[in-house]
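Summary of the model geometry
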Amino acid sequence: MGAAVFFGCAAIAFGPAAALVLLTVAAEPLRVIVLVAGAFFWLLSLLAASLLWFVSVQLSGREDAALLLLGAAAAVLLQELCRFACFKLLKKADEGLATLSEDGRSPISLQQMAYVSGLSFGIISGVFSVVNILADSAGPGTVGIHGDSPYYFITSALLTMALVLLHTFWGVIFFDACERRHAGGLGLVVGGHLLTSGLTFLNPWYEASLGPILILTLCTGLWAFGTAGGSYRNVLKCLSCK
Amino acid sequence: MITFMNNSDSEEEPCNERTSLMSAESPPVPSYQDGLQASEAGEAQAHRKRRAGSSRGPNNLAGGEMSGSRVPVRESALENEEEELTLKYGAKHVIMLFVPVTLCMIVVVATIKSVRFYTEKNGQLIYTPFSEDTPSVGQRLLNSVLNTIIMISVIIVMTVFLVLLYKYRCYKFIHGWLILSSLMLLFLFTYIYLGEVLKTYNVAMDYPTLFIVIWNFGAVGMICIHWKGPLQLQQAYLIMISALMALVFIKYLPEWSAWVILGAISIYDLMAVLCPKGPLRMLVETAQERNEPIFPALIYSSAMMWTVGMAKPDTARGPSQQTWDAAEDGREHLRSPSHAESQMSERRSPVPTRPVTSLEELEEEERGVKLGLGDFIFYSVLVGKAAATASGDWNTTLACFVAILIGLCLTLLLLAVFKKALPALPISITFGLIFYFSTDNLVRPFMDTLASHQLYI
């Protein structure tokens, strides 16, 4: 506990996101706006999901794991729905920007918007999941004193990092699939999200939850890389600085 | 359409918020959905630019002059580029306002979370005389509504008074009032703030040091705000006084009254800025008729008007050379004494700034957006109250923060479409309030339950 845990976990959870934002988003005003807009859409989805869960809890009169499972699944589906809404809006904006610019190309491409909106979903989702935990970690206390896992903070941080990256990748894949009307891609993104969320239900059995999630992150990353146009040859070319 | 922030004469006097957005010569950015009308917009824009010189009033006298003299030069070269540039400017303006609003909110939230003084209940302002300590919900609601009515009436009276003073050219009185208010903010409130921060961190400071620190801070602040100063320092001071004022509100407004007041203020803002007989609208129109800028102490300006002076004659010839000459002419017209920004050009002229190599850069620096300080204050009050009272802690604060930024973005989009002074409070505050109540009551239990099982969605 204390400052070390706080800063360490914050860096683990948001290090990649912060680097991505600082290096790729912060300099361009349009991307910052897309970032904030994406966060807003995610918040809307969370609001809807919470409303659903709240109503179901009130109606059933009790709060149990099944309702929570349902709530989490609804949250995932609503997030993907809002991602789709975000896609529609950004596509329209892209067309508008293209019409307005002098050479018929908008100053920001749909793929860039896909990446930034995915990143924004990831950041806001990660922040909402972990910021209260981080705030608690800076204060006094003993982790897991009632028999829970003592690794709560670090696993939360790692899960958050994975989630941020996953959302970024899903954003890229999702937008590409929507653009090309590829239902398979859509299905896999939604499926992957449901799988990730489902795996977290296995906490605190971290070998079964954290491990596969990190592997899933890697695979989704490679897939997104391929979708965005990357390939082995590109990587080689980049590394050899040609 | 600007309501004025009455930087209070007394600690308890409320602020008349200045609550609108005015585009300082903001180029007409067609709405993103308006693809089809883009070409017409481009045409209209060129025409508007031509007319802009004479009719731009309060925002910047300088800008108006500038554009007037430069337009004939520019037309031929730039019409095609303007559309793309205006779009980039549109986004740039948004960021130019995001940053100060975010900074103000960060200051307020950081203070609220660390200094306990601002969350302690230590009495109320005389403008909210009804206490909320009653056990019954109905009585409490009634009291908060009454408090709101009193507060809003006071604000309306102050605003009308200010508009009348302005209309009858009692400039000295207004300036004296503003100077007194900013004196109070910069010295007294800063002293209290510094005292509380030092108490929180248990840092000892002797009175001579304190005196020197406060004196320097306040004196430089007065100079920057009311006279000349570097733009960024002026912006920093405006952000700081907005934050201080917001903290005062957060401390002294009772819970429910604060929320009702926020709602009522946005409605008032909407009406005052958009109704034909609204005081703010009359103020802006009067200022425009007289071709004067609105008092610089009440508005945050995001960009300088004309950082043109230093085009190296040997770089971009032609247009920029001509614009440089035009800039010289333009600057001679800047004689409005109360305009802090105008003074800055004279300050800047001996300093060789970066060589302006292209006309686009000139335009970029010239255009800015102005946001009233009252908007800063009320945004920060909303986020600060969320940080102070929400049991959902950081989630609620962040949700309100995002909501306010999105509201600001939408307002700027509307500003680009309508091209006249608009109220900046309604959309942001509405989103902020919706998100506050829904996050606090719906999202918080959900996220807490998920977090206790370490579930991620």
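Before going into details, it helps to say that this report is about the structure given with it. What you are looking at is a predicted structure, and each value in this text was computed from that prediction instead of being measured. (Residues numbered from 1 in each chain as written. Chains lettered and ligands numbered in written order. Predicted model: local features only at pLDDT ≥ 70, side-chain atom pairs only at ≥ 80, totals over all residues. Heavy atoms only, no water.)

Considering the overall build of chain A
Along chain A, the regular secondary structure elements total eight helices and zero strands. Element order for chain A, N to C, with α for helix and β for strand: α-α-α-α-α-α-α-α. Here the C-alpha radius of gyration of chain A, 19 Å, is about what a compact globule of 242 residues would show, namely 18 Å. Principal-axis analysis of the C-alpha atoms gives chain A an extent of 65 × 50 × 30 Å. Going through the 242 residues of chain A one by one, you find that 50% of them count as buried. In chain A, of all internal contacts separated by at least 6 residues, the share reaching a separation of at least 24 is 75%. Carbon and sulfur atoms provide 70% of the accessible area of chain A, an area that totals close to 11,500 Å². (Helix = DSSP H or I, 4+ residues; strand = E, 2+ residues; numbered from the N terminus. Rg over C-alpha atoms; globule rule 2.2 N^0.38 Å. Buried < 20%, exposed > 50% of the residue type's maximum accessible area, 1.4 Å probe, protein only. Contact = heavy atoms within 4.5 Å. Areas by Shrake-Rupley, 256 points an atom, 1.4 Å probe, with all protein chains shown as cover.)

Some thoughts on the interface of chain B and chain A
Listed by partner, the interface residues are 45 residues for chain B and 55 residues for chain A. With both chains or domains summed, chain B and chain A bury close to 4,300 Å², and 75% of this area falls on carbon and sulfur atoms. Among the residues of chain B in contact with chain A, Gln-454, Tyr-456 and Ile-457 of chain B are the three that bury the most area, contributing 21% of the side total. Taken together, chain B and chain A are joined by zero salt bridges. Elements represented by at least two residues in the side of chain B that touches chain A include exactly helix H2 (61–114), helix H13 (394–418) and helix H14 (425–452) of chain B. The biggest single contributor to the side of chain B that touches chain A is H14 of chain B, with 14 residues. Split into classes, the residues belonging to the side of chain B that touches chain A amount to 27 nonpolar, 12 polar and six charged. (Buried area = accessible area lost by both parts, 1.4 Å probe. Salt bridge = Lys/Arg side-chain N within 4 Å of Asp/Glu carboxyl O. Nonpolar A, V, L, I, M, F, W, Y, C, P; charged D, E, K, R; others polar.)

Focus: the pairing of strand S3 (residues 368–372) of chain B
All names here are of chain B. Counted residue by residue, S3 has five buried out of five residues, so it is predominantly covered. Of the two faces of S3, the one holding Gly-368, Lys-370 and Gly-372 and the one holding Val-369 and Leu-371 are both buried throughout. The pairing of strand S2 (residues 299–301) with S3 spans three bridges and is antiparallel. Within S3, the position partnered with Ile-299 by the bridge is Gly-372. (Pairing = 2+ DSSP bridges.)

Let's talk about the packing of aromatic side chains
The full count for this structure, using the stated rule, is 22 aromatic pairs over all chains. With 5.0 Å between their ring centres and 80° between their planes, Tyr-436 of chain B and Phe-437 of chain B make a pair best called edge-to-face. Classification of Tyr-436 of chain B as buried rests on a relative accessible area of 4%. Pairwise contacts between aromatic rings join Phe-40 and Phe-41 of chain A together with Phe-431 and Phe-435 of chain B into one cluster. Directly above the ring of Phe-174 of chain A sits Arg-83 of chain A, whose terminal nitrogen or CZ lies 5.9 Å from the centroid. The ring of Tyr-166 of chain B has Arg-290 of chain B lying over it, and the distance from NZ or CZ to the ring centre is 5.0 Å. (Phe/Tyr/Trp six-rings, centres within 6.5 Å; stacked < 30°, edge-to-face > 60°. Lys NZ or Arg CZ within 6 Å of the ring centre and 35° of its normal.)

Some points on the state of the cysteines
Simply put, the disulfide is a covalent bond whose two ends are the sulfur atoms of two cysteines. Using the criterion set out here, one finds zero disulfides over all chains in the structure. Unpaired in this structure, Cys-409 of chain B has its nearest cysteine sulfur neighbour in Cys-86 of chain A, at a distance of 12 Å. Judged by its relative accessible area of 16%, Cys-409 of chain B is buried. (Disulfide = S-S within 2.5 Å.)

Comments concerning the environment of Phe-187 of chain B
Residues and elements named next belong to chain B. Within the secondary structure layout, Phe-187 lies in helix H4 (residues 171–200). Here the alpha-carbon distance between Phe-187 and Gly-218, two residues 31 residues apart in the chain, equals 5.6 Å. Not counting residues within four places of it along the chain, the set of residues in contact with Phe-187 comprises Ile-214, Trp-215, Gly-218, Ala-219 and Met-222.

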